[in-house]
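One-letter residues, chain by chain:
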Amino acid sequence: MKIPVESKDLPPDFEPTEWKDELAKRRPEQMVQYMVEEGIAEVPKRFVQPPHMRPAVGRRSSSDDEVPIIDMALGKDEEGRKQLHADIARACEEWGFFQAINHGVPDTLMDAMMDMEKKFYSLTSEEKEVYKKRKTTMSVGYGGVYDKHKDQALVWMDRLTVDLPSARDLTETYNLVIDNPPGFQEVYVEYGKAIYEFAKEIMAIISEVLGQPKDFLFKKIGDDRAAMKTAFNYYPQCPQPEFVLGLPPHADASALAILQQGSPGLEVLKNGFWIPVPPCSKRSLVVNVGDVIQMISNARFKSSLHRAVVTEISRYSIGSFIMPHREIYLAPAAELCDEMNPPIYRSVKYAEYILEYLSRGIKDDLRVVDLFRLCT
Ligand SMILES: O=C(O)CCC(=O)C(=O)O
Ligand SMILES: [Fe+2]
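Residues numbered from 1 in each chain as written. Chains lettered and ligands numbered in written order. Predicted model: local features only at pLDDT ≥ 70, side-chain atom pairs only at ≥ 80, totals over all residues. Heavy atoms only, no water.

Trainee: Give me the UniProt feature "domain: Fe2OG dioxygenase" (unreviewed entry) in the protein: which residues, what numbers.
Mentor: The residues that UniProt annotates with the feature "domain: Fe2OG dioxygenase" (unreviewed entry) are residues 224–324. The span residues 224–324 shows a helical share of 6% and a strand share of 45%, and its end C-alpha atoms are spaced 10 Å apart. (UniProt positions renumbered as here; feature names shortened; annotations may be inferred. Helix = DSSP H or I, 4+ residues; strand = E, 2+ residues; numbered from the N terminus.)

Below, the structure is given as structure tokens:
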């Protein structure tokens with residue numbers, strides 16, 4: 001199979017995009033996987049979360065309220081489609097999250113991608129380090145995340161991020177090609193396309209739920225200039241999981257996120273409690289609304305805070321983010337606003353939004369969308 005876009009060195013006058021700060025180029029010995037393989041018995045101080053951030057705080061104990069599970073196969077006939085629309089509307093309004101089953105992404109492709117992720121993390125440190133040195137235009141590469149804010153604890157996670165060449169502005173040709181482990185890129189090209197198609201289907205349904213044509217949301221994020229990147233997250237086993245977080249509470253800056261998880265670890269905040277979202281079947285996909293859809297829908301659909309906790313067992317997840325083109329202006333859609341429902345956000349260029357998102361870190365309760373709220 002042909003790999004569509006080659007990795008190249010960047011020209012000397014190249015201006016990196018705003019996403020460049022998302023992945024931190026940690027030294028090899030600072031990678032979580034490396035530390036764990038060296039056999040540490042205690043979590044280094046830089047990774048210890050302050051008491052109010054630790055995983056046990058605010059975790060829901062009873063289990064009466066669960067993230068909705070939505071059967072995409074309902075959409076096959078007219079009656080079922082109405083039900084599917086109603087289920088997705090409710091999930092996006094109340095939770096901003098749902099788990100999808102019968103979503104159409106082939107089982108074999110999901111398994112193959114997860115196997116490739118595991119193979120990637122089984123490479124030697126030297127082999128993985130190659131991907132820190134390759135230059136790219138987006139936040140793609142290999143490293144840690146959220147390292148920029150010195151007053152915040154480091155996260156117990158290593159990440160490899162790639163982007164889907166067929167879903168991006170082709171003027172940006174410096175994407176990361178993974179040539180080791182062999183076959184990774186080929187599997188990703190197929191997997192990424194299938195996930196992207198699924199995400200477009202969800203956006204079409206959300207558009208119809210909003211009373212708009214199917215391509216409404218996709219057009220709002222730039223049509224063929226929209227992008228998708230995929231993060232291969234690795235949360236190595238932790239000797240003291242009660243002190244750390246794999247990912248601290250955050251809302252996604254994308255339009256949608258689609259997550260494949262190998263084992264439990266994801267939690268979503270609802271009514272002040274952290275609610276675990278374990279995979280509801282071996283190949284379910286978690287779908288969540290990001291800040292972009294919250295803004296376009298004028299907050300009808302919620303981009304909810306979520307986090308990843310770690311355990312004594314290693315965990316892998318694969319998160320794909322559908323994002324507007326950087327030049328797109330985000331704002332509540334005029335079609336969805338009127339006198340009774342005036343826009344609550346001002347318009348902002350997506351590139352500017354990302355700069356804000358990355359400069360804030362995750363220290364406090366501030367939601368980036370709130371920075372663009374209009375005073376009423
Ligand atoms: O791995 C997970 O469970 C969560 C990943 C996530 O929220 C993210 O990558 O933004
Ligand atoms: Fe997330």
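The discussion continues.
Trainee: Account for the side chain of Ser303, with residues named and values stated.
Mentor: The residue Ser303 is located in the loop between α7 (291–296) and β12 (306–308) in this model. Using a relative accessible area of 2% as the deciding quantity, one classes Ser303 as buried. There is a polar contact of 2.7 Å between the side chain of Ser303 and the side chain of Asp291. Those residues in contact with Ser303 that lie beyond four places of it in its chain are Ala251, Asp252, Val289, Gly290, Asp291, Gln294 and Arg367. (Buried < 20%, exposed > 50% of the residue type's maximum accessible area, 1.4 Å probe, protein only. Polar contact = N/O pair within 3.5 Å; in protein donor to acceptor, adjacent residues only side chain to side chain. Contact = heavy atoms within 4.5 Å.)

Trainee: So what about the site of ligand 1? Which residues, and what values?
Mentor: Near ligand 1 the following residues occur: Arg159, Asn233, Tyr235, Leu247, His250, Asp252, Leu259, Leu266, His306, Arg315, Ser317 and Phe321. Taking Tyr235, its side chain carries an N or O atom lying 2.6 Å from an oxygen atom of ligand 1. With respect to ligand 1, the side chain of Ser317 contributes an N or O atom lying 2.7 Å from an oxygen atom. Considering only residue class, the shell around ligand 1 consists of 5 nonpolar, 4 polar and 3 charged. (Near = heavy atom within 4 Å. Nonpolar A, V, L, I, M, F, W, Y, C, P; charged D, E, K, R; others polar.)

Trainee: Residues and numbers for helix α4 (residues 125–133), please.
Mentor: For α4, every residue scored as buried is listed here: Lys128, Glu129, Tyr131 and Lys132. The buried residues of α4 occupy an angular sector of 145 degrees when the element is viewed end-on, so they sit on one face. Residues of α4 that are exposed and angled more than 90 degrees away from the buried face: Glu126 and Lys133. Looking at the buried residues of α4, the elements they touch are α1 (32–37), α3 (107–122) and β4 (141–145). (Arc of directions from axis to C-beta.)

Trainee: Let's hear about empty space enclosed by the protein: which residues, and what values?
Mentor: The full count for this structure, using the stated rule, is 2 cavities of 30 Å³ or more. Of the pockets and cavities examined, the largest cavity occupies roughly 370 Å³. Lining the largest cavity are 30 residues, and of these Arg159, Leu247, His250, Asp252 and Phe321 lie nearest its centre. No other element matches the 5 residues that strand β13 (residues 315–323) contributes to the lining of the largest cavity. (1 Å grid on protein atoms, 1.4 Å probe; cavity = no way out; pocket = protein on both sides within 12 Å on 5 of 7 lines; lining within 4 Å. Points joined across faces, edges and corners; volume = space filled by probe spheres on them.)

Trainee: Describe in detail the pairing of strand β8 (residues 256–261), supporting the description with residues and values.
Mentor: Among the 6 residues of β8, 6 are classified as buried, and the element is accordingly described as predominantly covered. Of the two faces of β8, the one holding Leu256, Ile258 and Gln260 and the one holding Ala257, Leu259 and Gln261 are both buried throughout. Across 4 bridges, β8 lies against strand β11 (residues 285–289) in antiparallel orientation. Considered in β11, the bridge of Ile258 is made with Val287. In this structure, β8 lies alongside β13, joined through 6 bridges in antiparallel fashion. (Pairing = 2+ DSSP bridges.)

Trainee: Go over the coordination of the iron ion (ligand 2) with me, naming the residues and quoting the values.
Mentor: All of the protein donors around the iron ion (ligand 2) are His250 (NE2), Asp252 (OD) and His306 (NE2); their distances to the metal are 2.1 to 2.2 Å. For His306, a relative accessible area of 5% puts it in the buried group. (Donors = N, O, S within 2.8 Å, 3.2 Å for Na, K, Ca; no water.)

Trainee: Describe in detail the pairing of β13, supporting the description with residues and values.
Mentor: Where burial is concerned, most of β13 is hidden: 9 out of the 9 residues are buried. Alternating residues of β13 divide into Arg315, Ser317, Gly319, Phe321 and Met323 and Tyr316, Ile318, Ser320 and Ile322, and every residue in both groups is buried. Inspection of the sheet shows strand β6 (residues 227–235) paired to β13 by 9 bridges, in the antiparallel sense. If you follow Tyr235 over to β13, its bridge partner there is Arg315.

Trainee: Could you give an account of helix α2 (residues 78–94), naming the residues involved and the relevant values?
Mentor: Here α2 is 17 residues long and its end C-alpha atoms lie 25 Å apart, about the 24 Å a rise of 1.5 Å per residue gives. Turning to α2, its buried residues are Gly80, Leu84, His85, Ile88, Ala89, Ala91 and Cys92. Next to the buried residues of α2 lie β2 (69–71), β3 (97–101), α5 (184–209) and β11. Among the residues of α2, the N-terminal cap falls to Asp77, whose side-chain oxygen and the backbone nitrogen of Glu79 are separated by 3.2 Å. Remark: Gly96 follows α2 within two positions and exhibits a positive phi of approximately 70 degrees. (Expected span 1.5 Å × (residues − 1).)

Trainee: If you had to explain the nonpolar core to someone new, which residues and values would you point to?
Mentor: Formed by 106 residues in total, the largest nonpolar core has its most connected members in Ile88, Trp156, Ile206 and Tyr353. The element contributing the most residues to this core is α5, with 14 residues. Grouped together as the second largest cluster of nonpolar side chains are 9 residues, Trp95, Leu259, Leu266 and Ile275 included. (Core = buried A, V, L, I, M, F, W, Y, C linked by side-chain atoms within 4.5 Å.)

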